[in-house]
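# Structural characterization, general
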Amino acid sequence: MDALLTSTDFAAAGDCMYRQIAELYPICRSITGEGFRETLRCLRGRIPLDIHEIPTGTQVFDWTVPREWNVRDAWVKSQAGEKVIDFRRSNLHLVNYSVPIHRKMSLADLRDHLHTLPDAPERIPYRTSYYKESWGFCIAADELARLQDGEYEVCIDTTLEEGALTYGEYYLPGRRSDEVLLSCHACHPSLCNDNLSGIALVAKLAELLQAASLEYSYRFLFIPGTIGAITWLAINELQASQIRHGLVVACVGDSGKYYYKRSRRGNAEIDRAVVHALSHSGKEFEVREFSPYGYDERQFCSPGFNLAVGSLTRTPHGEFPQYHTSADNLDLVNPQALAGSLEMYLQVLRILESNARFQNQNPCCEPQLGRRGLYRSLGGLPDAGQLEMAMLWVLNLSDGQHSLLDIAERSQLPFELVHRATASLVEHELLTECTEPSLHNIEQEIAT
Ligand SMILES: [Zn+2]
């Protein structure tokens, strides 16, 4: 993982993620249907994704997999035959999961089915109606103001039929069967930050980690929001117990500061790893407590699972003005922000991957570091003083109970430095790695 952080060309990775977003942007996705499949097929060019199809009607805990929704076309025509609303110009125009309809009606009647944003009159809103049969169009308020009274022909050529809920999954085995979960929702149509940035980042992480030597096994999920997470958990109830750490990935492409939403557990290793990485990043960030509203952490952190899954984003959902509107487009996200988010995620994963416990082999008073060349070898390095401090902390706290993250937190030194000091001390046979779980970890397991 260290090698990955130093060898990755983040600028190029940012460009690559941005291009991926641009490629997926035109596709009309929903919680089911061809748009979701097409998205996964695009990703399969980069990572060996398994595509799962769960039939309509499958009971998943308290929910049922819905009928599959597909769109051929949707428009509203004026009496003059002009398409005044056209799904082909923007897939946001159609309320997602609209039932089919073809009829003529007055503008007054049509208005009951039109959604606008009066406060942002140039934007098209994004609306869905997954679980209530209805139909509608979304339109910029400015456009609506230009519509003349009269009769309009309304056509929604959609199908809502028995089919399947589709999701993508990639399992990348590491040395341990314990898993790290990286999950994103992939059910929004042409929306960049809320949806596509998460997809692009998870796909890029999967692509990069394939080439790394990994301690943990990794599970990457591309699922429809809410129903996808519920479905995955229902099908994989036992497998879910392998998840040691997880992050829900979304809204990682805007230039805003970082936000971390803690897992329901509040102070799980993932929570501490993210807060530590953010604290030493030099970047602006905010940490929030868990709440049962948001993305799929709601399901992963439901009491029956209570997984250690938090969510690391930039500006959170609902807090940027372009959220769920046509302005969440290719201008809102940028390669630099995506690259920064990618690096932050890798910093977090590096901590998880390397967070071991060690036993000091010379615990009675300090070992003589100078005699072993551990002081001399540091001469000239700009952070030599800090590295010496890190060695002293690691030696002092490596009693088999404290992890490297414990030591980094207590010493307020960056994890990377603590890890580097540890490697040096192991090389000089002053430390050995503990393979037994610590009492502290066992207590945590019992508590959860
Ligand atoms: Zn959303």
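Now for a look at the structure at hand. (Residues numbered from 1 in each chain as written. Predicted model: local features only at pLDDT ≥ 70, side-chain atom pairs only at ≥ 80, totals over all residues. Heavy atoms only, no water.)

### Let's talk about the coordination of the zinc ion
Those protein atoms acting as donors to the zinc ion are His188 (NE2), Asp194 (OD) and His324 (NE2), and they sit at 2.0 to 2.1 Å. Given a relative accessible area of 8%, His188 falls into the buried group. (Donors = N, O, S within 2.8 Å, 3.2 Å for Na, K, Ca; no water. Buried < 20%, exposed > 50% of the residue type's maximum accessible area, 1.4 Å probe, protein only.)

### Here's the deal with the sheet that holds strand 18 (residues 399–403)
The sheet built from 3 strands is open, its strands ordered 18-17-19 with antiparallel pairing. Two strands bound the open sheet, and with one partner strand each, they are strand 18 and strand 19 (431–433). This sheet shows a mean twist of 35° between the axes of neighbouring strands, independent of strand direction. Strand direction decides the pairing type here: strand 17 (residues 357–360) and strand 19, joined by 3 bridges, are antiparallel. Across the sheet, residue Asn360 finds its bridge partner in strand 19, namely Leu431. Sheet strands in contact with helix 12 (residues 404–411) are strand 17 and strand 18, and its direction is about 65° off that of strand 18. (Pairing = 2+ DSSP bridges. Helix = DSSP H or I, 4+ residues; strand = E, 2+ residues; numbered from the N terminus. Axes fitted to C-alpha atoms, helices over the stretch in contact; angles between N-to-C directions. Contact = heavy atoms within 4.5 Å.)

### Comments concerning the environment of Arg176
Mapped onto the secondary structure, Arg176 falls in the loop between strand 10 (164–172) and strand 11 (179–185). A C-alpha to C-alpha distance of 9.9 Å links Arg176 and Tyr218, two positions 42 residues apart in sequence. Sequence-distant contacts of Arg176, defined by excluding residues within four places in its chain, comprise Glu215, Tyr216 and Ser217. Side-chain polar atoms of Arg176 contact the side chain of Asp178, separated by 3.2 Å. (Polar contact = N/O pair within 3.5 Å; in protein donor to acceptor, adjacent residues only side chain to side chain.)

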